[in-house]
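Below, each chain spelled out in residue letters.
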Amino acid sequence: MKSKVLARAEAGPTIEDEASLVKAARSDPAAFSALYRRYVTPVYRYLYKWLGNSDDTEDLTSQVFTEVLEGLADYREQGSFAAWLFTIARRKAIAAYRRRNPTLPLDAAGQVPGTTEDPLELVVLGEQMERMAALFAELDEDQRELLRLRFTAGLGYAEIGAILGRSEAAVKMAVYRLLRQMHEKWEVK
Amino acid sequence: MMDEQFISEFPKEFSETLLDFCEAPAPRPDFITGLEGQLLDRQPVLIAAERSRQTGIQNRWVRFSALFARRGWQYAALVLLAALTIALFAIGPQRVLAQVQRWLGYVPGIGFVNLAETQVLASPIETTREGITLRVEQVIAGPENTQVLISSPGLSEKDLPWPNKALENPDFSAFLVLPDGSRMEMKKWELSIGTGKLEFPALPTGVHQVTLVVRGLPLVPPGVLPENWEIQLSLRPASGELNQALFPQPYSPQDASDSHHGITLRVLDVAQTPERTALHYQVEWADPDWEFRFGLGSARLPELRDDLGHIYWQSPGASNSSVAVVAIPKSKDSQAAPTPFPTSSDGTIVFPALSLSASQGTLWVDALEFQVPVEGSFTLDLGKNPQIGEALALDANLEVAGFPVHLHGTRLRQETVNMGDGSNERDASIVRTVLEFSMDPPAERDGFSLNRFSFTNGKQTIYGSAGMSFSNGEKVYRGQLEFTTGKVPAGKIELELIEASLLAQGPWEASWTIPGRDSSKAALPVQLFPQAAATNKPAGELRPVVEEAFLSDRLTAIKLNAVGLPPGASFVQALPYDPIYFDPNHRKVDLYLQDNWGRRYDPGRNEAFIRPEGEEAGLNPGWMFFPPLQPLAQNLTLHVPGMEVFKPGEASFDIQVPPDLTFKPQETTVTVIGGGGPERQITETMWVSDLWPVDISLDLAGYPLHFTQARIERDEQSDTPYTLQLNSDPFAVDQGELHLIGLRFAKVDMPDGKTIQIDPALENNGMISFPYGGVGPLEPGSSQVQAGVGLGVTTADGADLLSGSYHVELNGVTEWVPGPWELSFSLSGN
């Protein structure tokens, strides 16, 4: 099996660095470009997890960054830019998902399996992914969103807390407890 | 801090699959570049527009600041005033109100709702089958969700078989069918017997008609009542006139706020209906790292008060609405730029209806709780070979959220916890291995106190929390550490703080003027002081008298006292029956009020009360509360079957509680009244020690008592599980005559050196559980009775039996004085 990254990189820019960048991005195209490049992939991935296809995801990613560009002047320099950005992305994702699937609960948001080239590994991985899909199916939407923000978008706990209106410690505990529950069921299954 | 990368602690197979599952593809490189170009093309236009806006603001501000050289807070007030003035001149004051209120409705059962872009039912719709009715009370179909309130009028828990399987497994099912035949599944629901609040996703644009399909009525077991209900719902866009006709119109009080320690409590909106008063409140604080713990108040319930002295507690019947999601219109700007860290939280709380004569309302809250971030760790040494039942020498000092904390007095134990209820109780018990300890009460600082905090070890196999809790009406500080694997490690364990909550001490009192009320024309409460209450007993005899009456549109309050009392004795309360001969199967209440038209008013049916003595806590049992009188009442008669009086006396005794007692289970049958079902008998297991003989003779207020037996009871579900029981030799009482019913205690000296002083005011209110002393018949209805004493004998940390010598002092008895009496008085004051 090929090696996997076991945790998303948390060592990004410091809050001070980012605050300067955000402030500069209001008037400096180069700063905005740097900010955009830093976040476009996590936002895209996060939205893809909601929408499940690249056409809709690209459309929504455009909308998110347009709103960010227009809202930068009013953005209050407190807390994390990523939290603000993903609050917008989350709101748009939920609205788009509802527009497209008015009769489906949010819990049915699409899942995307990983890829592998080894045929034998495909079979094993397929079984494991099915087991994981079954575990996800038992989660409620709030729990799925925690995992999306943490492991798909790669956000830090403080940022997730800001988006969901909870403290960093509470998010940390919630993610840990969720993983523990899932792991217990994983072992049983 | 806890390991940020803790997913690596799980087996690789699990963590890799999880990350694979959460993986999503990266965007195409040409998409990234293309979007970047579009955004950068747009940026200069936005920058130019923003500079123009900023210049305009700055110019205006320069003029303002040149005219008014003021301090910072005055600038802020000036800006707010200017903004308000501009708004008023632009659209007129009446229209400001209309703009705000047009889309804000209060929907009983749901809460304050933003009715913009919302469809509603113009009137309730119902259908009846086999004599059973299902009614859709209201539908609020908004941009966020579709909420449906259903009810089955007339259906009560008494109509259903019991135990109610549907209550234990509420597999309630309902869905909406759209015009194109597609189904919309329910997202969540709240059910009680006969009512339900169902939430579905938002309806697609253009859908005005849906069919609600309900498989079974809320909490009705399958096969009992008609099933598969279908009701067609025609929705109409919410509009100003329709809203006014359907929903009580809330108002926004001016300056209804109170601030302490940088925390503000505001009442944003008020909806008053004939049945209830709903408040939309907001709590605002400064620190973005803090999180408000939803729910107002700590040691005491939040209160709604009015200027007439009425006090209202949160309506139990409206509890569903008190947790309703509140949706208040927000401006487009605020949606475009959400505050990254919210520093305010709002909610809805529902009280009974305010008095029609009240011109001012006040929301009173004793404290507010916040979760705050914590960092740090501390070490506990469990020794080389920790054993269950062992007391460990712990003396740990740490700092939590700036508060010094001292932990001590540790004991390792296993406990059995019931996780279920009803018939599941026995199947759902689990055994937990826990370390219990005591904690010194943390000092209050700048209006804040440490409420609770939690911690874990690095591998997250040990969790603990400590802080304040209430036991027997008193604050206690203790903590518990749970070993989730059941295994207790030897040696030192490092524990990391996870989170803490602080209590901000108030009280907060947010007051407002109720619009449209003219206090000069209001019907004010009437206070009467009947000087010579007429009774059917001759004067000079020991008897109750009506000392004072308070009559309003929300309640009737009567204060009783007694005349003919012996020296030192005092009136306690009127009683509906002789407590020795209380029969739970025959609870006819003969203590009631009656007017001259024969209308009866039962005590305790009032929705408001008063604190006429100015007491902040507790209730004086001498005051009785009844519903408000009918307007035509001219005379009142209070029917009093008997009363309790206190008679002073002095006595004391010492009792030795032995260590190393063994306990055996004893099953008892308990009658459960309320709690989600009709009255029923359940079997409970109490752990008891063997009886041991004692010889305690007392002469208390003229009553000779001889206690001969003692034993300890252990109740695993209690915070103070160990109770000493003393039983006396039997003695005879005459049911129709004055006799002993209770023992009153002054203080208890405990073996650990502590002394418990008994506050007689609290004892009168029944707020002290231990010690207690009473009298009961040997057999139901028998005139042979036995005195008993219950004394709490649990260690301070709540973990174990506190053995040793107890010194108990008593200061009197209470007696049953049989009536009946009929106390009549005129409402004209004569």
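Residues numbered from 1 in each chain as written. Chains lettered and ligands numbered in written order. Predicted model: local features only at pLDDT ≥ 70, side-chain atom pairs only at ≥ 80, totals over all residues. Heavy atoms only, no water.

Draft legend 1. Up close: the overall build of chain A. Helix and strand content of chain A: eight helices and zero strands. The helix and strand sequence of chain A, counted from the amino end, reads α-α-α-α-α-α-α-α. For chain A, the residues scored as buried account for 52% of the 189 residues in total. For chain A, contacts bridging at least 24 residues in sequence account for 64% of all contacts bridging at least 6. (Helix = DSSP H or I, 4+ residues; strand = E, 2+ residues; numbered from the N terminus. Buried < 20%, exposed > 50% of the residue type's maximum accessible area, 1.4 Å probe, protein only. Contact = heavy atoms within 4.5 Å.)

Draft legend 2. Summary view of the overall build of chain B. A count of helices and strands for chain B gives nine helices and 48 strands. Buried positions account for 45% of the 830 residues belonging to chain B. Sequence-distant contacts in chain B: of pairs separated by 6 or more residues, those separated by 24 or more amount to 68%. Accessible surface, chain B as shown: approximately 40,100 Å² in total, 51% of it carbon and sulfur. (Areas by Shrake-Rupley, 256 points an atom, 1.4 Å probe, with all protein chains shown as cover.)

Draft legend 3. How the structure looks around the sheet that holds strand S31 (residues 556–563) of chain B. All names here are of chain B. An order of S29-S30-S31-S36 is seen for the four strands of this open sheet, with the pairing classed as antiparallel. One side of each edge strand has no neighbouring strand; the edge strands of this open sheet are strand S29 (526–528) and strand S36 (623–626). With strand direction ignored, the average angle separating the axes of adjacent strands in the sheet is 25°. As defined by bridge partners, S31 adjoins S36 across four bridges and the pair is classed as antiparallel. Paired with Lys559 across the strands is Trp623, a residue of S36. (Pairing = 2+ DSSP bridges. Axes fitted to C-alpha atoms, helices over the stretch in contact; angles between N-to-C directions.)

Draft legend 4. Layout of the sheet that holds strand S13 (residues 257–260) of chain B. All names here are of chain B. Here we have four strands laid out as an open sheet, ordered S13-S14-S15-S19, and antiparallel in their pairing. On the outer flanks of this sheet lie S13 and strand S19 (344–352), each paired with one strand and no other. Between one strand axis and the next, the sheet turns by 20° as a mean value, whatever way the strands run. Summarising the sheet, S13 and strand S14 (residues 263–272) pair through four bridges and their orientation is antiparallel. Bridge pairing links His260 to Ile263 in S14.

Draft legend 5. The arrangement of helix H1 (residues 12–22) of chain B in detail. Among the eleven residues in H1(B), nine count as buried, and that is most of the element. Along H1(B), the positions that sit buried rather than exposed are Phe14(B), Ser15(B), Glu16(B), Thr17(B), Leu18(B), Leu19(B), Asp20(B), Phe21(B) and Cys22(B).

Draft legend 6. Structural view of the packing of aromatic side chains. One pass over the structure, following the stated rule, counts 18 aromatic pairs over all chains. Seen in terms of ring centroids, Phe663(B) and Tyr722(B) are 5.8 Å apart; in terms of plane orientation they differ by 55°. Their pairing is tilted. Note that Phe663(B) is positioned in strand S38 (residues 663–672) and Tyr722(B) in strand S42 (residues 722–728), a separation of 59 residues in sequence. Note on accessibility: Phe663(B) and Tyr722(B) belong to one class, buried. Linked through ring pairs, Trp285(B), Trp290(B), Phe292(B), Phe370(B) and Phe448(B) together constitute an aromatic cluster. Seen from the ring of Trp50(A), Arg148(A) lies directly overhead, with NZ or CZ sitting 3.9 Å from the centre. (Phe/Tyr/Trp six-rings, centres within 6.5 Å; stacked < 30°, edge-to-face > 60°. Lys NZ or Arg CZ within 6 Å of the ring centre and 35° of its normal.)

Draft legend 7. Local environment of the side chain of Ser355(B). All names here are of chain B. Structurally, Ser355 is set in the loop between S19 and strand S20 (360–373). Residue Ser355 is classed as buried on the basis of its relative accessible area, which comes to 0%. A polar contact is formed between the side chain of Ser355 and the backbone nitrogen of Ser357, at a distance of 3.1 Å. Sequence-distant contacts of Ser355, that is, excluding residues within four places in its chain, are made with Asp306, Leu308, His310, Tyr312, Arg517, Asp553 and Arg554. (Polar contact = N/O pair within 3.5 Å; in protein donor to acceptor, adjacent residues only side chain to side chain.)

Draft legend 8. Layout of the packing of helix H6 (residues 141–152) of chain A against H1(B). Put simply, H6(A) and H1(B) touch, their axes get as near as 9 Å, and they point 95° apart. Overall, the two elements H6(A) and H1(B) adopt an arrangement that is roughly perpendicular. Here Leu147(A), Phe151(A) and Thr152(A) of H6(A) lie close against H1(B), whose contacting residues are Leu18(B), Leu19(B) and Cys22(B). Of the residues that constitute the contact of H6(A) with H1(B), the class distribution is five nonpolar, one polar and no charged. (Parallel < 35°, antiparallel > 145°, perpendicular 65-115°, else oblique. Nonpolar A, V, L, I, M, F, W, Y, C, P; charged D, E, K, R; others polar.)

Draft legend 9. Just the environment of Ala169(A), in detail. Mapped onto the elements of the fold, Ala169(A) is located in helix H8 (residues 168–188). On the basis of relative accessible area, Ala169(A) is assigned to the buried category, the value being 15%. Spatially, the C-alpha atom of Ala169(A) lies 8.0 Å from that of Ala158(A), the residues being eleven residues apart in sequence. Not counting chain neighbours up to four residues away, the residues in contact with Ala169(A) comprise Ile498(B) and Glu499(B).

Draft legend 10. Representation of unusual backbone geometry within the structure. Residue and element names in this part refer to chain B. Cis rather than trans, the peptide bond between Gly506 and Pro507 has omega equal to 10°. Tracing the sequence through the fold places Pro507 in strand S28 (residues 492–513). Each neighbour pair has its own omega, and for Gly819 with Pro820 the value is 0°, a cis peptide bond. Residue placement: Pro820 occurs in strand S48 (residues 804–826). Despite not being glycine, Asp255 shows a phi value in the positive range, around 55°. Its place among the elements puts Asp255 in the loop between helix H6 (240–246) and S13. Looking at Asp255, the relative accessible area reads 67%, which means it is exposed. Positive phi is not limited to glycine here, since Ala701 has a value of about 50°. Take Ala701: it is sitting in the loop between strand S40 (692–700) and strand S41 (703–714). Taking the relative accessible area as the measure of exposure, Ala701 reaches 14% and is therefore buried.

Draft legend 11. Just the nonpolar core, in detail. Phe86(A), Leu147(A) and Met182(A) are the most contacted members of the largest nonpolar core, which totals 71 residues. Element by element, the count of residues in this core is highest for helix H2 (residues 29–51) of chain A, at 13 residues. With residues near it in sequence (within four places) discarded, Leu147(A) still touches Phe136(A), Leu139(A), Thr152(A), Leu178(A), Leu179(A), Met182(A), Leu18(B) and Cys22(B). Counting 64 residues, the second largest nonpolar core, distinct from the first, contains Ala256(B), Tyr312(B), Met439(B) and Leu481(B). (Core = buried A, V, L, I, M, F, W, Y, C linked by side-chain atoms within 4.5 Å.)

Draft legend 12. Main features of the packing of H6(A) against H8(A). Residues and elements named next belong to chain A. Taken N-terminus to C-terminus, the directions of H6 and H8 make an angle of 105°; their axes are 10 Å apart at the nearest point. By the criterion of interaxial angle, the relationship of H6 to H8 is roughly perpendicular. Of H8, the residues touching H6 (which contributes Gln143, Leu146, Leu147 and Phe151) are Val171, Ala174, Val175, Leu178, Leu179, Gln181 and Met182. Residues of the contact of H6 with H8, tallied by class, amount to nine nonpolar, two polar and no charged.

Draft legend 13. Spotlight on the pairing of strand S46 (residues 772–777) of chain B. All names here are of chain B. Inspection of the sheet shows strand S44 (residues 739–749) paired to S46 by two bridges, in the antiparallel sense. Each bridged residue has a counterpart across the sheet, and for Gly742 the counterpart in S46 is Gly774. Here S46 pairs with strand S47 (residues 784–792) via six bridges, running antiparallel. Each residue of the ladder has a partner; that of Val775, found in S47, is Ala787. Connecting S46 to the next strand, S47, in antiparallel fashion are six residues, including Gly781 with a positive phi near 85°.

Draft legend 14. Representation of the pattern of salt bridges. Going through the model one piece at a time under the given rule, you end up with 23 salt bridges over all chains. Residue Lys187(B) pairs with Glu199(B) through a salt bridge whose shortest N-O separation is 3.6 Å. Of the two residues, Lys187(B) sits in the loop between strand S8 (183–185) and strand S9 (188–192) while Glu199(B) sits in strand S10 (residues 195–201), which places them twelve residues apart along the sequence. According to the relative accessible area criterion, Lys187(B) is partly exposed, its value standing at 30%. Sharing partners across several salt bridges, the network here consists of Glu67(A), Arg91(A) and Lys92(A). (Salt bridge = Lys/Arg side-chain N within 4 Å of Asp/Glu carboxyl O.)

Draft legend 15. Expanded view of helix H7 (residues 157–164) of chain A. All names here are of chain A. Most of H7 sits out of view: six of its eight residues are buried. Of all the positions in H7, only Tyr157, Glu159, Ile160, Gly161, Ala162 and Ile163 are classed as buried. Looking one or two residues past H7, Gly165 carries a phi angle of roughly 75°, positive in sign.

Draft legend 16. A look at the confidence of the model for chain B. Residues and elements named next belong to chain B. With 76% of its residues at a pLDDT of at least 70, chain B reaches an overall mean of 77. At the level of individual helices and strands, chain B shows its lowest average pLDDT in helix H3 (residues 72–91), which scores 27, and its highest in S13, which scores 95. Segment residues 51–102 is flagged for pLDDT under 50; beyond a separation of four residues in sequence, or across chains, it makes 23 contacts in the model. Confidence drops under pLDDT 50 across residues 418–428; counting only partners more than four residues distant or on other chains, this segment forms 14 contacts. Here the prediction assigns the complex a pTM of 0.63, and the interface score ipTM is 0.80. (pLDDT = per-residue confidence, 0-100.)

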